[in-house]
Amino acid sequence: MSNRIVLQTGSSLIEVLVTLLVFSVGLLGLAAMQLNALQGSADSGQRSQAVWLAQDMAERIRANPEGSAANYAAAVNCAQLPGTMCADYYSPGASAKVNASTCTAAQMATFDRWESQCSYADVAAFNTIDGRFTSRDFLRAPGNGDALTVNNNAGLLTINARWSGKAAAIKGIANTDDTTSAITVQR
């Protein structure tokens, strides 16, 4: 009989399985990190849209100096279009551009408030093409309230833009599905 020493070379099946397990856990962690980044990016886009909407409302208030603070703070009915359309718009039903009406300062304030707070896409009689018409249509409103509110406190208008955060809602964090950004305008 010969005395042969056999040296083992290569790796065993157990070593390969452990390596595969460690690699899989690493890939799952990377996928979770990517999902978090996508949710954060979506929230950042919503925040930008909400701040832009609030800034747009502030600029509309500044552009209409005769419009009273009470006109801008009055509630609007988002279920129907404003009574007077003070800007040119595209009518999907007629497939044509409609010219603006001549408006008073109060009508312009009401129109500005409606257009900033309400969504053309949500008015079924208007949105026959399932489109998005203004920046408001891209903002995910919170489940409990309006995306934009204007409060009047003795001529000091506070514009609150609210949106629904995706990342916090998915993680199940309570009371964080709505975030607010505020701008004040002195009248």
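Structure: see above.
An account of the accompanying structure is given in this report. The shown structure was predicted, so the numbers you read here are calculated from the model rather than taken from an experiment.

## Structural notes on the overall build of the chain
In step 1: From N to C terminus, the chain includes 4 helices and 5 strands.
In step 2: Going residue by residue from the N terminus, the α and β elements of the chain occur as α-α-β-β-α-β-β-α-β.
In step 3: Burial statistics for the chain: of 187 residues in total, 32% are counted as buried.
In step 4: Residue pairs in contact within the chain that sit at least 24 positions apart in sequence constitute 60% of those at least 6 positions apart.
In step 5: Within the structure as shown, the chain displays about 11500 Å² of accessible surface, and the carbon and sulfur contribution to it stands at 56%.

## A word on a nonpolar patch on the surface
In step 1: A surface patch of nonpolar side chains, about 840 Å² in accessible area, is lined by Leu13, Val16, Leu17, Leu20, Phe23, Leu27, Leu30 and Met33.
In step 2: Judged by relative accessible area, Leu13 falls into the exposed class, the value being 64%.

## Topic: the environment of Cys78
In step 1: With respect to the element layout, Cys78 can be found in the loop between helix H2 (69-73) and strand E1 (89-91).
In step 2: Sequence-wise, Cys78 and Tyr120 are 42 residues apart; in three dimensions their C-alpha atoms are separated by 8.7 Å.
In step 3: Residues contacting Cys78, with those up to four places away along its chain left out, are Trp114, Gln117, Cys118 and Val123.

## Examining the pattern of salt bridges
Should the charged atoms of two oppositely charged side chains come close, the side chains can pair.
In step 1: Applying the stated criterion across every chain, the model contains 4 salt bridges.
In step 2: One salt bridge in this structure joins Glu59 and Arg62, with 3.1 Å as the shortest N-O distance. On the criterion of helical spacing, the pair formed by Glu59 and Arg62 is a turn pair, its members being 3 residues apart in helix H1 (residues 13-63).
In step 3: Given a relative accessible area of 43%, Arg62 falls into the partly exposed group.
In step 4: A salt bridge links Glu115 to Arg60, with the nearest nitrogen and oxygen atoms 2.7 Å apart. With a gap of 55 residues between them, Glu115 in helix H3 (residues 105-117) and Arg60 in helix H1 connect regions that are remote in the sequence. Summarising the burial analysis for this pair, Glu115 and Arg60 share the class buried.
In step 5: Here the salt bridges do not stand alone but share partners, grouping Asp56, Arg60, Asp112 and Glu115 into one network.

## Some words on the nonpolar core
Within soluble globular proteins, side chains that are nonpolar tend to cluster in buried spots.
In step 1: The biggest cluster of nonpolar side chains holds 19 residues, and the ones touching the most others in it are Met57, Ile61, Tyr72, Leu148, Val150, Leu157 and Ile159.
In step 2: Of all elements in the fold, only H1, H2, strand E3 (148-153), strand E4 (156-163) and strand E5 (179-186) reach the threshold of two or more residues within this core.
In step 3: Val76, Met85, Cys86 and Cys118 belong to the second largest nonpolar core, which has 8 residues in total.

## A look at the packing of H1 against H3
In step 1: The interhelical angle for the contact between H1 and H3, taken along N-to-C directions, is 175°, at an axis separation of 10 Å. Accordingly, the angle class assigned to the pair H1 and H3 is roughly antiparallel. Where H1 abuts H3, its residues Leu53, Asp56, Met57 and Arg60 lie against Phe111, Asp112, Arg113, Glu115 and Ser116.
In step 2: In terms of residue class, the contact of H1 with H3 is built from 3 nonpolar, 1 polar and 5 charged.

## Here we look at the environment of Thr102
In step 1: Note that Thr102 resides in the loop between strand E2 (96-98) and H3.
In step 2: With a relative accessible area of 79%, Thr102 lands in the exposed category.
In step 3: Along the primary structure Thr102 and Met85 are separated by 17 residues, whereas in three dimensions their C-alpha atoms are 8.6 Å apart.

## Observations concerning the pairing of E3
In step 1: Where E3 meets E4, 6 bridges bridge the pair, whose relative direction is antiparallel. Note on E4: the bridge partner recorded for Thr149 is Asn160.
In step 2: From the end of E3 to the start of E4, which pair antiparallel, there are 2 residues, and Ala154 there has a positive phi angle of about 55°.

Cut-offs and rules
Every residue gets a number counted from 1 within its own chain, in the order that chain's sequence is written. Side-chain atom pairs in this predicted model are given and counted only at pLDDT of 80 or more, local residue features only at pLDDT of at least 70, and totals for whole chains, interfaces and linings cover all residues. Excluded from the side-chain calculation are hydrogens and water; included are all heavy atoms of the structure. A run of H or I in DSSP counts as a helix once it spans at least four residues, and a run of E counts as a strand once it spans at least two, with each numbered from the N terminus. For each residue, the accessible area found with a 1.4 Å probe, counting protein chains only, is set against the maximum for its type, and the residue is called buried under 20%, exposed over 50%, and partly exposed in between. Throughout, a residue-residue contact means that at least one pair of heavy atoms, one from each residue, lies within 4.5 Å. Note on areas: these come from Shrake-Rupley sampling with a 1.4 Å probe, and a residue is covered only by the protein chains present in the view. Each patch is built from residues that are more than 30% exposed by relative accessible area and take part in no salt bridge. Like charges join if they lie within 9 Å; nonpolar side chains (Val, Leu, Ile, Met, Phe, Trp, Tyr) join within 5 Å. In the sections that follow, a salt bridge refers to a side-chain nitrogen of Lys or Arg positioned within 4 Å of a carboxyl oxygen of Asp or Glu. As used in this record, nonpolar core signifies buried Ala, Val, Leu, Ile, Met, Phe, Trp, Tyr and Cys residues forming a set joined through side-chain atoms within 4.5 Å. Every axis in this analysis is a line fitted to C-alpha atoms, fitted for helices over the stretch in contact. Angles between the N-to-C directions lie between 0 and 180 degrees. Relative orientations are named as follows: roughly parallel for angles under 35 degrees, roughly antiparallel for angles over 145 degrees, roughly perpendicular for angles from 65 to 115 degrees, and oblique for any other angle. Note on residue classes: Ala, Val, Leu, Ile, Met, Phe, Trp, Tyr, Cys and Pro are nonpolar, Asp, Glu, Lys and Arg are charged, and everything else, Gly too, is polar. What makes two strands pair is DSSP finding at least two bridges between them.

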